[in-house]
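Summary of structural features
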Amino acid sequence: MVTRAERKKQHIEHALSTGQKRLTGFDDITFVHVSLPETALSQVDTSTKIGELFLSSPIFINAMTGGGGQTTLEINRALARAAAETNIPVAVGSQMSALNDPAERPSYEVVRQENPKGLVFANLGSEATVDQAQRAVDMIEADLLQIHLNVIQEIVMPEGDRCFEGRLRRIEEICRTVSVPVSVKEVGFGMSRETATKLFNAGAAAVDVGGYGGTNFSEIENLRRDQAVEFFNQWGISTAASIAEVSTVCSEHGTVIASGGLQNALDLAKSIALGASAAGMAGYFLKVLTTSGEDALVEEITGLISDLKRIMTVLGCKTIDELKKAPLVLKGDTYHWLKARGIDSSAYSMR
């Protein structure tokens, strides 16, 4: 029987080996060029919000790991240091292992220890109870709680869950009771507007689309199976299409978060123009960290923020809200998906 700690380490190894295959849909998105932007780089302000939380830029380090002993402790230590140095939020991986085994707490607590003044996001699965949710928040003095949805991963995972009843009710109870805002996130298979509507109505402050095209947890779990369930490897809604879908039902007080295979500042800018207010990056940052080290990760994050400012400058956008209104032209699979779903993509191009 594989222990939870061993499984966490296997997830990291397989995430790095399977990589990302550029199936996010962002290549279907093109900005309309602005020849007279009337802006200066020094005027650009990248600050944004997730609910009522203020972020200096839209980028944050999304949930990756924890609960895998010293290996994941050192990864989280490095991620927390990088987040502190670049002034961006950082999320931990699922804390259920630490709730079940106090010996695993240090691999999560290290994030707050290394980043005492920054924004830190707690994380649990949708099977969590209200009590477990609050304990996860308290464990790392979190500013926000992520509730992750990973049905495909669980159904493919050899030792995964097979019953998903009552999840929405528990999410609603957590949103109503826990002491911090709640963001509900998919784990790599995308989010539809129907699901997002249920989550916003349940009280979620934010919905993280976790689109198809990034780390593929079906592939990862299939590598751990004796007999693969391969049809789930191509299952999901692309990140670009997911952002567009969820943006159509985002309530006045809800926030759309982009994640799922973002690899550069142009992906980030396109995510915001499609309707996101912030964007989480995980697999890409993990690869930089493990191949080039902590200093390289800091340099990469700093470069992303600088590149985003350059893109905003040439688009004539001084703020994130203005970037949300930048005209886009959609083509290819993303265009056809949205058309089939009754979403008018011309609304993006005729701004």
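- The protein is annotated in an unreviewed UniProt entry as Isopentenyl-diphosphate delta-isomerase from Bacillus sonorensis.

1. Re the overall build of the protein
- Check the secondary structure of the protein and you find 16 helices and twelve strands.
- Its C-alpha radius of gyration of 19 Å places the protein within 12% of the 20 Å reference for a compact globule of 351 residues.
- In terms of overall dimensions, the protein has C-alpha extents of about 60 × 40 × 40 Å along its principal axes.
- Taken across its 351 residues, the protein has 56% of its residues classed as buried.
- Total accessible area on the protein stands at roughly 14800 Å², and carbon and sulfur atoms take up 50% of it.
- Counting 34 positive and 43 negative side-chain charges, the protein places the centres of these two groups 2 Å from one another.

2. Observations regarding unusual backbone geometry
- Even without glycine at this site, E38 takes up a positive phi of about 55 degrees.
- Inspection of the secondary structure assignment puts E38 in the loop between strand 1 (29-31) and strand 2 (48-50).

3. Considerations on the side chain of R170
- Following the sequence through the fold, R170 ends up in helix 7 (residues 167-177).
- E127 is the oppositely charged side chain nearest to the buried, salt-bridge-free R170, at an N-O distance of 6.7 Å.
- In contact with R170, not counting residues within four places along its chain, are S126, E127, A128 and E165.

4. Examining the pairing of strand 6 (residues 120-125)
- Taking burial as the measure, the six residues of strand 6 include six buried ones, the bulk of the element.
- Both faces of strand 6 are covered, namely the face carrying V120, A122 and L124 and the face carrying F121, N123 and G125.
- As paired elements, strand 5 (residues 90-91) and strand 6 share two bridges and run parallel to each other. In the sheet register, A91 faces strand 6, and the bridge partner there is F121.
- Crossover handedness for the path strand 6 to helix 5 (residues 130-139) to strand 7 (residues 144-149): right-handed.

5. A word on the pattern of salt bridges
- For the structure shown, the criterion picks out 16 salt bridges.
- Between E52 and K49 there is a salt bridge; the shortest N-O distance is 3.9 Å.
- For K49, a relative accessible area of 42% translates into the label partly exposed.
- A salt bridge links E127 to R167; the shortest N-O distance between them is 4.0 Å. In this pair, E127 is assigned in the loop between strand 6 and helix 5 and R167 in helix 7, connecting sequence segments 40 residues apart.

6. As for the packing of aromatic side chains
- In total, this model carries four aromatic pairs according to the counting rule given.
- On the numbers, 4.7 Å between centres and 55 degrees between planes, the contact of F231 with F232 is tilted.
- Taken together, the ring pairs connect F231, F232 and W235 into an aromatic cluster.

7. Considering the state of the cysteines
- Tallying each qualifying case throughout the model produces zero disulfides.
- Of all cysteine sulfurs, the one in C250 lies closest to C175, which takes part in no disulfide; the gap is 14 Å.

Rules behind the numbers
- Residues numbered from 1 in each chain as written.
- Predicted model: local features only at pLDDT ≥ 70, side-chain atom pairs only at ≥ 80, totals over all residues.
- Heavy atoms only, no water.
- Helix = DSSP H or I, 4+ residues; strand = E, 2+ residues; numbered from the N terminus.
- Rg over C-alpha atoms; globule rule 2.2 N^0.38 Å.
- Buried < 20%, exposed > 50% of the residue type's maximum accessible area, 1.4 Å probe, protein only.
- Areas by Shrake-Rupley, 256 points an atom, 1.4 Å probe, with all protein chains shown as cover.
- Lys, Arg positive; Asp, Glu negative; His and termini not counted.
- Charge placed at Lys NZ, Arg CZ, Asp CG, Glu CD.
- Salt bridge = Lys/Arg side-chain N within 4 Å of Asp/Glu carboxyl O.
- Contact = heavy atoms within 4.5 Å.
- Pairing = 2+ DSSP bridges.
- Right-handed = clockwise from strand over helix to strand, strands pointing away.
- Phe/Tyr/Trp six-rings, centres within 6.5 Å; stacked < 30°, edge-to-face > 60°.
- Disulfide = S-S within 2.5 Å.

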